[in-house]
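Summary of the model geometry
One-letter residues, chain by chain:
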Amino acid sequence: MADIKVKLVKSTIGSKKDQIATVQSLGLKKIGDVAVQHDNPQTLGKIRKVAHLVEVSEA
């Protein structure tokens, strides 16, 4: 499986609790953090949920 880079580009302040938890489960804590995740349906679902807060690229 390929890997993808997920970068937090917007603050989670004011976001719903489940969106904040999703960002944390992706391994992101503050703006500018980058995490490398496996490209699988579970990760893509998390990214889709917080797409307005993150930026995705190939690893």
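Along every chain, residues carry numbers that run from 1 in the direction the sequence is written. Owing to the predicted nature of the model, reporting of local features is limited to residues with pLDDT of at least 70; listing and counting of side-chain atom pairs is limited to 80 or more, with chain, interface and lining totals taken over all residues. In computing side-chain values, all of the structure's heavy atoms are included and hydrogens and water are not.

Quick notes on the overall build of the chain
Condition: Segments assigned H or I by DSSP are reported as helices when at least four residues long, segments assigned E as strands when at least two residues long, and all are numbered from the N terminus. Note on method: radius of gyration uses C-alpha positions; expected globular size equals 2.2 Å times residues raised to 0.38. Each residue is assigned to one of three classes by its accessible area relative to the maximum for its type, calculated with a 1.4 Å probe on protein chains only: buried under 20%, partly exposed between the two thresholds, exposed over 50%. Residue exposure ignores everything except the shown protein chains as possible cover, and the areas themselves are Shrake-Rupley values with a 1.4 Å probe.
When helices and strands are counted, the chain shows two helices and three strands. Listing the helices and strands of the chain from first to last along the sequence gives β-α-β-α-β. The C-alpha atoms of the chain give a radius of gyration of 10 Å, which matches the 10 Å a tight globule of 59 residues would have. Looking at the chain as a whole, 27% of its 59 residues are labelled buried. Only carbon and sulfur atoms are counted for the fraction: they give 53% of the accessible area of the chain, which is about 4,000 Å².

What to know about helix α1 (residues 17-25)
Basically, it comes down to this: Note that the arc is defined by the directions from the helix axis to the C-beta atoms. Any two residues whose heavy atoms approach within 4.5 Å at even a single point are treated as in contact.
Residues of α1 that are buried: Q19, T22 and V23. Seen from one end, α1 has its buried residues packed into an arc of 100 degrees, which puts them on one side. Away from the buried face of α1 by more than 90 degrees, exposed residues K17 and Q24 are located. Tucked into the core, α1 has its buried residues touching β1 (3-8) and α2 (41-49). Positive phi shows up at G27, right after α1, with a value of about 90 degrees.

Side note on the side chain of T43
The following threshold applies: Counted as a polar contact is a pair of N or O atoms within 3.5 Å, where, for protein atoms, one must be capable of donating a hydrogen and the other of accepting one, and residues adjacent in sequence contribute only when both atoms are in side chains.
Relative to the helices and strands, T43 is located in helix α2. At a separation of 3.2 Å, a polar atom in the side chain of T43 contacts the main-chain carbonyl oxygen of H38. Here T43 is in contact with I4, L26, Q37 and H38, once residues within four sequence places are set aside.

Notes on the environment of K30
Along the chain, K30 falls in the loop between α1 and β2 (34-38). The exposure class of K30 is exposed, given its relative accessible area of 58%. The sequence separation of K30 and S11 amounts to 19 residues, and the corresponding C-alpha distance is 7.3 Å.

Structural notes on the nonpolar core
Formally: To qualify as a nonpolar core, a set must consist of buried Ala, Val, Leu, Ile, Met, Phe, Trp, Tyr and Cys residues joined through side-chain atoms within 4.5 Å.
Within the largest apolar cluster, 11 residues are counted, these being I4, V6, L8, V23, L26, L28, A35, I47, V50, L53 and V54. With three residues, the top contributor of residues to this core is β1. If sequence neighbours within four positions are ignored, I47 has contacts with I4, V6, L26, V54 and V56.

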